Amino acid sequence: MGKGNLPKSGNIVFFDWDGDSVSDHVGIVEKVENNIVYTIESNSGDKIAKLSYEKNSPYIMGYGTP
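My aim in this report is to walk through the structure given alongside it, one point at a time.

So, how was this worked out
- Residues numbered from 1 in each chain as written.
- Predicted model: local features only at pLDDT ≥ 70, side-chain atom pairs only at ≥ 80, totals over all residues.
- Heavy atoms only, no water.
- Pairing = 2+ DSSP bridges.
- Helix = DSSP H or I, 4+ residues; strand = E, 2+ residues; numbered from the N terminus.
- Axes fitted to C-alpha atoms, helices over the stretch in contact; angles between N-to-C directions.
- Buried < 20%, exposed > 50% of the residue type's maximum accessible area, 1.4 Å probe, protein only.

What follows concerns the sheet that holds strand β5 (residues 60-64). Pairing is antiparallel across the open sheet formed by five strands, whose spatial order is β4-β3-β2-β1-β5. Each edge of the open sheet carries a strand with a single partner, namely β4 (49-54) and β5. The sheet shows a mean angle of 40° between the axes of neighbouring strands, direction not considered. When strand β3 (residues 36-41) meets β4, the two strands line up antiparallel, connected through six bridges. Across the sheet, the residue bridging to V37 is Y53, located in β4.

Note that Y63 resides in strand β5. Using a relative accessible area of 4% as the deciding quantity, one classes Y63 as buried. A sequence separation of 13 residues divides Y63 from K50, and the C-alpha atoms of the two residues are 17 Å apart.

Glancing now at unusual backbone geometry. For S21, which is not a glycine, the phi torsion comes out positive at approximately 65°. Tracing the backbone shows S21 in the loop between β1 (12-15) and β2 (25-33). A positive phi angle is found at N35, which is not glycine, with a value near 60°. Mapped onto the elements of the fold, N35 is located in the loop between β2 and β3. The class for N35 is partly exposed, based on a relative accessible area of 46%.

Let us look at the pairing of β3. Alternating positions in β3 separate cleanly, V37, T39 and E41 being buried on one face and I36, Y38 and I40 remaining unburied on the opposite face. As paired strands, β2 and β3 are joined by five bridges and run antiparallel to one another. Pairing of E33 across the sheet is with I36, part of β3. With antiparallel pairing between neighbouring strands as the criterion, β2 and β3 make up a hairpin whose turn holds two residues, including N34 at a positive phi of roughly 50°.

So, in structure tokens, the structure goes:
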């Protein structure tokens with residue numbers, strides 16, 4: 001699934017923190033509301049965290065279906 005589509009709960013979200021087109025991190029999409037993607041991520045400051053990003057965040061590379 002490309003970056004332009006809204007993900008669904010359970011999708012994998014791929015992140016590129018440094019803009020080099022290589023995935024640096026992954027998370028699981030918890031939900032999407034009002035163009036905000038809510039995620040569950042591990043290894044976030046050495047813990048599991050619930051985070052959120054705007055749908056068009058430059059850090060989101062795209063989504064996958066497990």
